[in-house]
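# Remarks on the overall topology
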Amino acid sequence: MVVAAPKTENRLTTQIAAIAADTTTIRSLDWDRDRFDIEFGLQNGTTYNSYLIRGEKVALVDTSHAKFRQLYLDALRGLIDPAEIDYIVISHTEPDHSGLVKDVLALAPQATVVGAKVALNFLEDLVHQPFERLQVKSGETLDLGNGHVLEFVNAPNLHWPDTIFTFDAKTGILYTCDAFGAHFCKEDTFDEDLEALSPDFRFYYECLMAPNARSVLSAMKRMDKLEGINTIATGHGPLIHHHLEELTGRYRRWSNEKSESETLVAVFYVSDYGYSDRISQAVAHGITKTGVAVEMIDLRSADAHEVNELVGRAKGVLIGMPPSSGRGAKETQAALSTILAAVSDKQMFGLFESYGGDDEPIDTLQTKLQDLELKPAFDPIRIKDTPSEATYQLCEETGVDVGQSLAQAKKIKKLKSLDADLQKALGRISSGLYIITAQKGELSSAMLASWISQASFKPLGFTVAVAKDRAIESLMQVGDTFVLNILEEGNHLDLMKHFLKRFAPGADRFAGVRTRPATNGSPILADALAYLECKVTSRMELSDHWLVYCAVDDGKVSKDEALTAVHHRKVGNYY
Ligand code: FEO
């Protein structure tokens, strides 16, 4: 059943579907959710999934985003008299799933809220009213009757510190909320179309789960003990059923790969404070793009042993400034003291503001860390205005810089080990010289490219290989547009030099370069020999590059007689 929303700026619909015995999902379909920050680039909207399980007692697992208030509550009331709901299970307290708990509790004041200890504490701030509560932890069960015994599984950091999974052995459904999800809005309740889902599934993993790869593996170990999982009921995107083994296998493989890196950066933050969550995720995403591992810990809920152990393993320690007063300030102060006691002068550090209005002073902590002779990885990120896409881009690029500087020594060692003849032979593959330029809203980027090859006639298309740690990679997701500027032999050195420069995170790549906008909004370089307007249609993941296939919409040559600049290399195992 599909209930359409009244016409609003963004298309919101609700889907209700029976998914197993006594079990119904209410999926809030947010069709037009554009990327609200740099981490979500695929623009296929998203869904917020909620579940109703009716044994002799009734449990509601998660709710929805506040933007669905009327639609969701109408759908819920159409299914059940809220006065009959006995339990509201909270997988974690992020507002896209818990945003309507207060409203549901207003209709169902008798319901007991079930969640992890930290979640129940966080929820007090969201609900601002007393409520019945049941604190649960891994291995504990809740019998709804009629065979529906819910078992809870701790899954901290997936992707909030308070996350729990819930398993109903009768139906074989594991409710995981963010884990195994995807920002992918389609009518299909289940994962019928693996090919369509795969890019978003991967991208979501990279952005939200990769910085917590070890936590993914720990949670999956606990999942392995549950018998008879046949469906994963996610909080975003389709439910995983048809491709359960394949998609959980991917999580396991990717998380193992991420955890293999010996080089680790610890990112400390406070998950529900200011913009700390998104800012720290953007930094962490940048670091993981370089192959360096990240572990994120919430300063408010971490115990001293955990902090100590993580700092001991990390090559870099980054801290999102916590609040200096208010709820949890005592815990964050204690965690900061533990960090300061555990760091060593071999480590890098970096600080960024959380834009919460009451951040700990950045300079005081900076001085303390410098007195301990840690090297600053970057100038502190000070955020003076409400974080925007440009802020997240700056944070991601800062993360890339940190990762690259830590990965550098290892990379050089690896490069030297390659057979000299082979690397020279590979270097004889030559190619043209190009500048890719992209503009999306207030974000812009550019990169010198040479691994480009025409790949199809109908449509006219070519591929470009983009290293995973390139800043512009975030602007080359499926559906994104850009311009390929083709450089002219004899007139390419200035442009090449300019775009080969190492740009500081967030720096304007086009300062001092003559450009004009293409129809798709990306810059055309005035001194290019030719340009093509392109749209990304698919991407293939390789070990250290993305192979991006693009269709060409339009293009022009400025001089008919001139030739394309060609890149002749000495070796083929690095740029
Ligand atoms: Fe989808 Fe962590 O909220």
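Every value quoted in this text rests on a predicted model; they were computed, and no experiment measured them.

### Describing the environment of Leu374
- As for its placement among the helices and strands, Leu374 is situated in the loop between α11 (362-371) and β18 (375-376).
- The spacing of Leu374 and Gly316 is 58 residues in sequence and 9.3 Å in space, taken between C-alpha atoms.
- In this structure, Leu374 is in contact with Val343, Ser344, Gln347, Met348, Phe349 and Leu369, ignoring residues within four places of it in sequence.

### Brief notes about the sheet that holds strand β14 (residues 264-269)
- Here we have five strands laid out as an open sheet, ordered β15-β14-β16-β17-β18, and parallel in their pairing. Each edge of the sheet is formed by a strand with only one pairing partner; in this case those strands are β15 (293-298) and β18.
- Where strand β16 (residues 316-320) meets strand β17 (residues 348-352), five bridges bridge the pair, whose relative direction is parallel. Considered in β17, the bridge of Val317 is made with Phe349.

### Points about the domain arrangement of the protein chain
- Each assigned domain of the protein chain is listed here: domain 1 (2-257), domain 2 (262-411) and domain 3 (422-567).
- Placing a centre on the C-alpha atoms of domain 1 and another on those of domain 2 gives a separation of 29 Å.
- With 20 residues of domain 1 in contact, the opposing surface of domain 2 contributes 21 residues.
- Summed over both partners, the interface of domain 1 with domain 2 buries about 1,800 Å², with 52% contributed by carbon and sulfur atoms.
- Counting the contacts that link domain 1 with domain 2 gives one salt bridge.
- Measuring nitrogen to oxygen at the nearest pair gives 3.1 Å for the salt bridge that ties Arg214 to Glu295.
- Applying the counting rule to domain 1 against domain 2 returns three residue pairs in polar contact (both at pLDDT 80 or more).
- Secondary structure elements with two or more residues in the side of domain 1 that touches domain 2: α4 (117-127) and α5 (194-209).
- Partitioned by chemical class, the residues of the side of domain 1 that touches domain 2 number ten nonpolar, three polar and seven charged.

### Considering the packing of helix α6 (residues 213-224) against helix α7 (residues 244-260)
- Interaxial distance between α6 and α7 falls to 8 Å at its minimum, and their mutual angle equals 140°. The orientation of α6 relative to α7 falls into the category oblique. The element α6 and its partner α7 pack so that their crossing is left-handed. Across from Ala213, Arg214, Val216, Leu217, Met220 and Asp224 in α6, the residues of α7 making contact are Thr248, Tyr251, Arg252, Ser255, Asn256, Lys258 and Ser259.

### Some remarks on the packing of helix α9 (residues 304-313) against helix α10 (residues 329-342)
- In contact at an axis separation of 9 Å, α9 and α10 are set at 35° when each is read in the N-to-C sense. Handedness of the crossing formed by α9 with α10: right-handed. From α9, Ala304, Val307, Asn308 and Val311 reach across to α10, where they touch Ala335, Thr338, Ile339 and Ala342.
- In terms of residue class, the contact of α9 with α10 is built from six nonpolar, two polar and no charged.

### Things to note about unusual backbone geometry
- Note the cis peptide between Leu158 and His159, where omega equals -5°.
- By secondary structure assignment, the location of His159 is in the loop between β10 (149-154) and β11 (164-168).
- The amide bond that connects Lys458 to the next residue, Pro459, takes the cis arrangement and shows omega of 0°.
- With respect to the helices and strands, the residue Pro459 is situated in the loop between β22 (452-456) and β23 (461-467).
- One non-glycine residue, Asp62, adopts positive backbone phi at about 60°.
- Mapped onto the elements, Asp62 comes out in the loop between β5 (58-61) and α1 (69-79).

### Section: the packing of aromatic side chains
- Scanning the model with the defined rule gives twelve aromatic pairs in all.
- Joined through ring pairs, the aromatic side chains of Phe180, Phe201, Tyr205, Tyr251 and Trp254 make up one cluster.
- Positioned above the aromatic ring of Trp254, the side-chain terminus of Arg202 is 4.4 Å from the ring centre.

### So, the nonpolar core
- In this structure, Leu158, Phe165, Phe180, Met209, Ile240 and Tyr251 are the most contacted members of the largest nonpolar core, which totals 32 residues.
- For this core, the elements supplying multiple residues, two or more each, are β11, α5, α6 and α7.
- The dominant element in this core, judged by the number of residues it contributes, is α5, at nine residues.
- What Tyr251 contacts, discounting residues up to four positions off in sequence, is Ala179, Phe180, Gly181, Phe201, Tyr204, Tyr205, Met209, Val216 and Met220.
- Ranked by size, the runner-up nonpolar core spans 28 residues in total, among them Tyr48, Leu52, Val101 and Val104.

What counts, and at which threshold
- Residues numbered from 1 in each chain as written.
- Predicted model: local features only at pLDDT ≥ 70, side-chain atom pairs only at ≥ 80, totals over all residues.
- Heavy atoms only, no water.
- Helix = DSSP H or I, 4+ residues; strand = E, 2+ residues; numbered from the N terminus.
- Contact = heavy atoms within 4.5 Å.
- Pairing = 2+ DSSP bridges.
- Domains from an automatic or database assignment.
- Buried area = accessible area lost by both parts, 1.4 Å probe.
- Salt bridge = Lys/Arg side-chain N within 4 Å of Asp/Glu carboxyl O.
- Polar contact = N/O pair within 3.5 Å; in protein donor to acceptor, adjacent residues only side chain to side chain.
- Nonpolar A, V, L, I, M, F, W, Y, C, P; charged D, E, K, R; others polar.
- Axes fitted to C-alpha atoms, helices over the stretch in contact; angles between N-to-C directions.
- Parallel < 35°, antiparallel > 145°, perpendicular 65-115°, else oblique.
- Left-handed = near helix turned anticlockwise from the far one by under 90°.
- Phe/Tyr/Trp six-rings, centres within 6.5 Å; stacked < 30°, edge-to-face > 60°.
- Lys NZ or Arg CZ within 6 Å of the ring centre and 35° of its normal.
- Core = buried A, V, L, I, M, F, W, Y, C linked by side-chain atoms within 4.5 Å.
- Buried < 20%, exposed > 50% of the residue type's maximum accessible area, 1.4 Å probe, protein only.

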